[in-house]
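Chain by chain, the residues:
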Amino acid sequence: HAVGHTAPRSARRSAAWARRSSHVLREQLVRPVDRGRVLWSKVAAVWGLGAIGLAMHAAVTLGLGAAVLDAGDGWLTVMAGHAASMVSDVALIVFGFFLACHLQSSVGVMAVGMGMMIVDWVFRIGLSGLRFVGVESAGWALALMPGTGLGWYDMDAASVAVPALAGLCAWAGVMAALAHSRIRRMDVH
C-alpha cells in the first residue's frame, strides 16, 4: 500500500520539476538585458560575420593565387591586408551603429553614412591641396580624418601609419561612446 502512494507522488514531483525546468530557458530569454550589452553584442556579431567573409575571401584568394602565381612574399602581404581590413571594419561597424542609434531607418543610415564619407573625402582632398601648397597644419589634420584612418596600413610598404591608426581609434572611440550614450537614453518601442 505504501508503494502505491509514493509512485503517484514522485510522478507528480517529476512532472512539476519538468514544467519548472522547461521555464528556465523562457525566464532567461524574457529577463531584461542591459541595452549596452545588446548594442555591443550586435557590433560583435556583425564584425564576426565580416571576419568570416574576409577569411573566406582570403582562402579563395590564396587558393586561386597559389594555382596561378608563383610562391613568394606576396602571400604575407595579402594576409596582412586582410587582417588590417578586420581592424578597419570595426570602426566602420561602430560608425554604422552610431548612425543606427540616431536614425529611424536603414535607408537613412546608408544615406547619411555615404554622405558623411563623401564629405570626409572632399575635406581630405582640400587638406591634401593645402598641404601641397605648404600649409603645415593641413598634414596633421589630414592624418586625423576618418577616411585617412581607414587606410592606416600600407600594403605596398608593409608599414603602419601610426597617426592615421590613432585617428581611426579616436574616431571609433568617440562614435562608440556616443552610440552607447544614445542607446542608454533611447525609448524602445
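Residues numbered from 1 in each chain as written. Predicted model: local features only at pLDDT ≥ 70, side-chain atom pairs only at ≥ 80, totals over all residues. Heavy atoms only, no water.

A. Structural context of the overall build of the protein chain. Each helix and strand in the protein chain was counted, giving 7 helices and 2 strands. Across the protein chain, every contact between residues at least 6 apart in sequence was considered, and the portion connecting residues at least 24 apart equals 58%. Looking at the protein chain as shown, the accessible area adds up to about 13,000 Å², and 70% of this sits on carbon and sulfur atoms. (Helix = DSSP H or I, 4+ residues; strand = E, 2+ residues; numbered from the N terminus. Contact = heavy atoms within 4.5 Å. Areas by Shrake-Rupley, 256 points an atom, 1.4 Å probe, with all protein chains shown as cover.)

B. Geometry of helix H7 (residues 162-185). Here H7 spans 35 Å end to end across 24 residues, near enough to the 34 Å set by a 1.5 Å rise per residue. Turning to H7, its buried residues are Ala-164, Gly-167, Leu-168, Ala-172, Met-175, Ala-176, Ala-179 and Ile-183. (Expected span 1.5 Å × (residues − 1). Buried < 20%, exposed > 50% of the residue type's maximum accessible area, 1.4 Å probe, protein only.)

C. Structural view of the pattern of salt bridges. Considering all chains together, one arrives at 2 salt bridges under this definition. Among the ionic pairs, Asp-34 bridges to Arg-184, the shortest N-O distance being 2.8 Å. Placement of Asp-34 in the loop between helix H1 (2-30) and helix H2 (35-68) and of Arg-184 in helix H7 is noted, with a sequence separation of 150 residues between them. On the basis of relative accessible area, Asp-34 is assigned to the partly exposed category, the value being 37%. (Salt bridge = Lys/Arg side-chain N within 4 Å of Asp/Glu carboxyl O.)

D. The arrangement of the nonpolar core in detail. Leu-39 and Phe-98 are the most contacted members of the largest nonpolar core, which totals 14 residues. Here the element with the most residues in this core is helix H3 (residues 74-102); it accounts for 7 residues. (Core = buried A, V, L, I, M, F, W, Y, C linked by side-chain atoms within 4.5 Å.)

E. Quick peek at the side chain of Ser-88. One can find Ser-88 in helix H3. Setting aside chain neighbours within four positions, we find Ser-88 in contact with Leu-150, Trp-152 and Leu-168.

F. Structural detail: helix H4 (residues 106-132). The terminal C-alpha atoms of H4, which comprises 27 residues, lie 39 Å apart, in line with the 39 Å expected from a rise of 1.5 Å per residue. Of all the positions in H4, only Gly-108, Val-109, Gly-113, Asp-120 and Leu-127 are classed as buried. Residue Gly-134 follows H4 closely and has a positive phi angle near 110°.

G. Expanded view of the environment of Ala-55. The topology assignment puts Ala-55 in helix H2. Here Ala-55 falls in the partly exposed class, since its relative accessible area comes to 46%. Through-space distance from the C-alpha of Ala-55 to that of Met-86 is 9.7 Å; in sequence the pair is 31 residues apart.

H. Region of the structure containing the confidence of the model for the protein chain. Of all residues in the protein chain, 76% attain a pLDDT of 70 or more, and the chain-wide mean is 80. Taken element by element, the predicted model of the protein chain shows its lowest mean pLDDT in H1 (60) and its highest in H4 (90). (pLDDT = per-residue confidence, 0-100.)

I. A nonpolar patch on the surface, seen in detail. Residues Ile-118, Trp-121, Val-122 and Ile-125 make up a contiguous nonpolar surface patch of roughly 410 Å² in combined accessible area. Topologically, Ile-118 is positioned in helix H4. (Patch = residues over 30% accessible without salt bridge, like charges linked within 9 Å, V, L, I, M, F, W, Y side chains within 5 Å.)

J. Molecular detail of the environment of Ile-125. Note that Ile-125 resides in helix H4. Sequence separation between Ile-125 and Leu-142 is 17 residues; the distance between their C-alpha atoms is 9.0 Å.

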